[in-house]
Amino acid sequence: MQDAPHFFGYGSLVNRATHAYPSAHRARVQGWRRVWRHARLRPVAFLSVEPAPGVEIEGLIAAVPGGDWAALDAREAAYRRERVTTGIRHEAPHRPEVALYRLPDGGHAAPSAAHPILLSYVDVVVQGYLREFGQAGAERFFETTAGWEAPILDDRAAPRYPRHQGLGADERAFVDAMLRGLSARILPATT
């Protein structure tokens with residue numbers, strides 16, 4: 001898989017339980033930050049990245065078997081795949097071509113009550129960061145992500161995020177404490 005192109009995941013793809021891409025490696029990319037956005041193709045907000053000089057974000061890189069991007073492109077349908085040519089460091093023993101997914105400029109907006117962030121999505125992402133980078137890395141996830149003023153829908157009782165994962169009590173307490181520290185606005189789920 002050394003010759004296969006790789007993706008850089010910075011959201012749910014950091015949680016290995018959400019995908020079956022083998023040989024994933026921890027990575028960092030310079031010059032980007034995560035941001036919560038809403039786009040017409042999805043009813044809820046999700047993570048994207050935008051250029052941010054001087055900011056470094058952590059994530060995972062993993063090989064795209066056979067260079068066949070079709071399944072990953074379908075999963076990341078609202079995004080545009082963009083090659084990352086500089087500023088990437090990783091633990092892989094070779095130097096593969098790496099791409100990340102981001103929303104194209106324009107055509108997206110900040111989340112809103114009509115298009116909130118799903119708490120089940122936040123849970124999955126943070127669980128991945130806790131497992132890969134420990135508590136300090138999960139704290140850096142919150143610090144290097146913009147848009148926390150957006151409303152967050154508490155859908156934990158009936159998760160709407162399709163790749164949701166169960167959290168342990170410590171993981172859940174960590175997410176809740178971080179969101180309280182950000183004065184996040186949590187909306188109750190309605191039936």
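This text follows the structure it describes.
Predicted model, so just to flag it, every value in this text is computed and none were measured.

Here is what the cut-offs are and how they apply
Residues numbered from 1 in each chain as written. Predicted model: local features only at pLDDT ≥ 70, side-chain atom pairs only at ≥ 80, totals over all residues. Heavy atoms only, no water. Helix = DSSP H or I, 4+ residues; strand = E, 2+ residues; numbered from the N terminus. Buried < 20%, exposed > 50% of the residue type's maximum accessible area, 1.4 Å probe, protein only. Contact = heavy atoms within 4.5 Å. Areas by Shrake-Rupley, 256 points an atom, 1.4 Å probe, with all protein chains shown as cover. Lys, Arg positive; Asp, Glu negative; His and termini not counted. Charge placed at Lys NZ, Arg CZ, Asp CG, Glu CD. 1 Å grid on protein atoms, 1.4 Å probe; cavity = no way out; pocket = protein on both sides within 12 Å on 5 of 7 lines; lining within 4 Å. Points joined across faces, edges and corners; volume = space filled by probe spheres on them. Nonpolar A, V, L, I, M, F, W, Y, C, P; charged D, E, K, R; others polar. Pairing = 2+ DSSP bridges. Expected span 1.5 Å × (residues − 1). Bend = angle between axes of the 7 residues up to and from the residue.

## Quick word on the overall build of the chain
For the chain, the helix and strand inventory stands at three helices and eleven strands. Its helices and strands taken in sequence order, the chain reads β-β-β-α-β-β-β-β-β-α-β-β-α-β from the N to the C terminus. With respect to the principal axes defined by its C-alpha atoms, the chain has extents near 45 × 35 × 30 Å. Counting all 191 residues of the chain, 52% fall into the buried class. Once local pairs closer than 6 in sequence are excluded, the contacts in the chain between residues at least 24 apart make up 79%. Just so you have it, the chain exposes about 9,000 Å², and 51% of that area is on carbon and sulfur atoms. Across the chain, the mean location of the 23 positive side-chain charges is 2 Å away from that of the 21 negative side-chain charges.

## Some thoughts on the layout of surface pockets
Over the atoms a probe the size of a water molecule is rolled, and this reveals where empty space is left. In this model, the largest pocket occupies a volume close to 340 Å³. If you trace the largest pocket, you find 22 residues lining it, with Arg42, Phe46, Tyr121, Tyr161 and Arg163 closest to the centre. Breaking the lining of the largest pocket down by element, the ones donating at least two residues are strand S1 (6–9) and strand S3 (46–63). Its residues assigned to classes, the lining of the largest pocket comprises 14 nonpolar, three polar and five charged.

## Regarding the sheet that holds strand S11 (residues 185–188)
Ordered by their spatial adjacency, three strands build an open sheet running S8-S10-S11, and the pairing between neighbours is parallel. The two strands at the open ends of the sheet, each matched to only one other strand, are strand S8 (117–118) and S11. For strand S10 (residues 151–154) and S11, the ladder comprises four bridges, and the chain directions are parallel. Each bridged residue has a counterpart across the sheet, and for Asp154 the counterpart in S11 is Pro188.

## Some points on helix H2 (residues 119–143)
Compared with the 36 Å implied by 1.5 Å per residue over 25 residues, the 17 Å span of H2 between its first and last C-alpha is markedly short. Residue Phe133 marks the point of greatest curvature in H2, where the axis turns by about 130°. Counting buried residues in H2 gives 18 out of 25 residues, a clear majority hidden from the surface.

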